[in-house]
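Remarks on the overall topology
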Amino acid sequence: MTNIVIRSVLVYLLLLAAMRFMGKRQIGEMQMTEFITMIMLSELAILPVTDTDIPLLQGIVPLAVISSAEVVFSFFESRSVRFLRFMSGNPIILLDSGGYIEKNLRMTRISREDVEAQIRTSGYAGPDEVEKVILERTGKMSVLPKRESGEVNDA
Amino acid sequence: MRNFIAAVVIILVVAGAVVLNAAHIKSACGELDSLLAAGEYRKALEKWERERPYMAFFIRDGEIDAADLHLRELELARSRNDRDGEQEHLAGARDALIEMINYESVSLGSIFCVPFRR
């Protein structure tokens, strides 16, 4: 039991260090690579905590490698638009000038109701008040008002 | 930029360490297996006792304990002239060593398949 407690603390501190190293402050704004990294880190980190038969290094090494890979990928994403598009895709326009783009809605499996809910959340009554709704790489929807509305809101 | 360089260094160091570690473990297990095959049980046990602390950092406790048990029992079986026990523990020790070698080996089988365990 003592080993489990010590391992828990060690793994927790290592995870904190990994998050700090990756530099993510807004966990809600994750790109695809970051989301995958978070899932893998949480699964890998807990293994040596719950199973003392596994050497601690078998949790630490993958944690270090995945964190480092995420830093490398995000570095190239910040330097190359082409690489960013390859890794995380492009923002997708769901609504333009009041009209839904059905092909994009089907491709993203997002319904009109979802889009309208996001429009209302952004403070607009309906699609008629909105210029564009864009599905960003992070999976969030941005609502851009018509020019006469005078405000720009991000989702 | 600093974090990027640190990340690249970490990846390279880990890759190098993994390769060296795999080579060392496979070499050590290979030597142990050769000693067992030659009937040098005492020497094999002494070498195992030198290598075990290092291997314990990288190999599951269950596998370390299995090899440890068979190697110790092997020496005891020989001293008691227990032929059956000697054969059993010799096979067990060699299987355990082969398991460790396979654990450090990279192949399509080791990546995609669960290793066969007796």
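Reference entry: report on the structure contained in this document. Every value quoted in this text rests on a predicted model; they were computed, and no experiment measured them.

Here helix α3 (residues 57-79) of chain A spans 33 Å end to end across 23 residues, near enough to the 33 Å set by a 1.5 Å rise per residue. Within α3 of chain A, the full set of buried residues consists of Gly59, Leu63, Ile66, Ser67, Ser68, Glu70, Val71, Val72, Phe75 and Glu77 of chain A.

A few words on the packing of helix α2 (residues 41-55) of chain B against helix α3 (residues 61-79) of chain B. All names here are of chain B. Two numbers describe how α2 lies on α3: the axes approach to 10 Å, and their chain directions differ by 160 degrees. Here α2 lies roughly antiparallel to α3, going by the angle between them. The element α2 and its partner α3 pack so that their crossing is left-handed. Between α2 and α3, the residues in contact are Tyr41, Arg42, Ala44, Leu45, Trp48, Glu49, Arg52 and Met55 and Ile64, Asp65, Ala67, Asp68, Leu71, Arg72, Leu74, Glu75 and Arg78, respectively. Here the residues of the contact of α2 with α3 sort into 9 nonpolar, no polar and 8 charged.

A few words on the pattern of salt bridges. Residue and element names in this part refer to chain B. Per the stated rule, a full pass over the model turns up 11 salt bridges over all chains. One salt bridge connects glutamate 49 with arginine 72, and the closest N-O pair in it is separated by 2.9 Å. Placement of the pair is glutamate 49 in helix α2 and arginine 72 in helix α3, with a sequence separation of 23 residues. Assessed through its relative accessible area of 34%, arginine 72 is described here as partly exposed. Arginine 52 is paired through a salt bridge with aspartate 65; the nearest N and O atoms lie 3.4 Å apart. With arginine 52 in helix α2 and aspartate 65 in helix α3, this residue pair connects regions lying 13 residues apart in the sequence. A cluster of three or more residues bridged by salt bridges with shared partners is formed by Glu49, Arg52, Asp65, Asp68 and Arg72.

Grouped together as the largest cluster of nonpolar side chains are 20 residues, with contacts concentrated most on Cys29, Leu36, Trp48, Met55, Ile59, Leu71 and Met100 of chain B. Secondary structure elements with two or more residues in this core: α1 (2-37), α2, α3 and α4 (83-104) of chain B. Beyond its immediate stretch of four places on either side in the chain, methionine 100 of chain B contacts Ile25, Cys29, Trp48, Met55, Ile59, Glu63, Ile64 and Ala67 of chain B. Counting 15 residues, the second-largest nonpolar core is a separate cluster that includes Ala18, Met22, Val49 and Val72 of chain A.

Rules and cut-offs
- Here the residue index of a chain counts from 1 through its sequence in written order.
- The order in which chains are written sets their letters, starting at A; the order in which ligands are written sets their numbers, starting at 1.
- The model is predicted, so local features are restricted to residues of pLDDT at least 70 and side-chain atom pairs to those at 80 or more, both for listing and for counting; the totals for chains, interfaces and linings are taken over all residues.
- To get the side-chain values, take all heavy atoms of the structure and skip hydrogens and water.
- By definition, any uninterrupted DSSP run of H or I lasting at least four residues is a helix, any uninterrupted run of E lasting at least two residues is a strand, and each is numbered from the N terminus.
- Any helix carries an expected span of 1.5 Å times its number of residues minus one.
- The cut-offs for exposure are 20% and 50% of the maximum accessible area for each residue type, with area from a 1.4 Å probe on protein chains only; residues under the lower value are buried, those over the upper are exposed, and the others partly exposed.
- Each axis is a line fitted through C-alpha atoms, and for a helix only the stretch in contact is used; angles between axes span 0 to 180 degrees, taken between their N-to-C directions.
- Put simply, angles under 35 degrees are roughly parallel, angles over 145 are roughly antiparallel, angles from 65 to 115 are roughly perpendicular, and the rest are oblique.
- For a crossing to be left-handed, the near helix must be turned anticlockwise from the far one by less than a right angle; the clockwise case is right-handed.
- Any two residues whose heavy atoms approach within 4.5 Å are treated as being in contact.
- As a working rule, the residues Ala, Val, Leu, Ile, Met, Phe, Trp, Tyr, Cys and Pro are called nonpolar, Asp, Glu, Lys and Arg charged, and the rest polar, with Gly in that last group.
- One speaks of a salt bridge when a side-chain nitrogen belonging to Lys or Arg is within 4 Å of a carboxyl oxygen belonging to Asp or Glu.
- Residue types Ala, Val, Leu, Ile, Met, Phe, Trp, Tyr and Cys, when buried and joined through side-chain atoms within 4.5 Å, form a set referred to as a nonpolar core.

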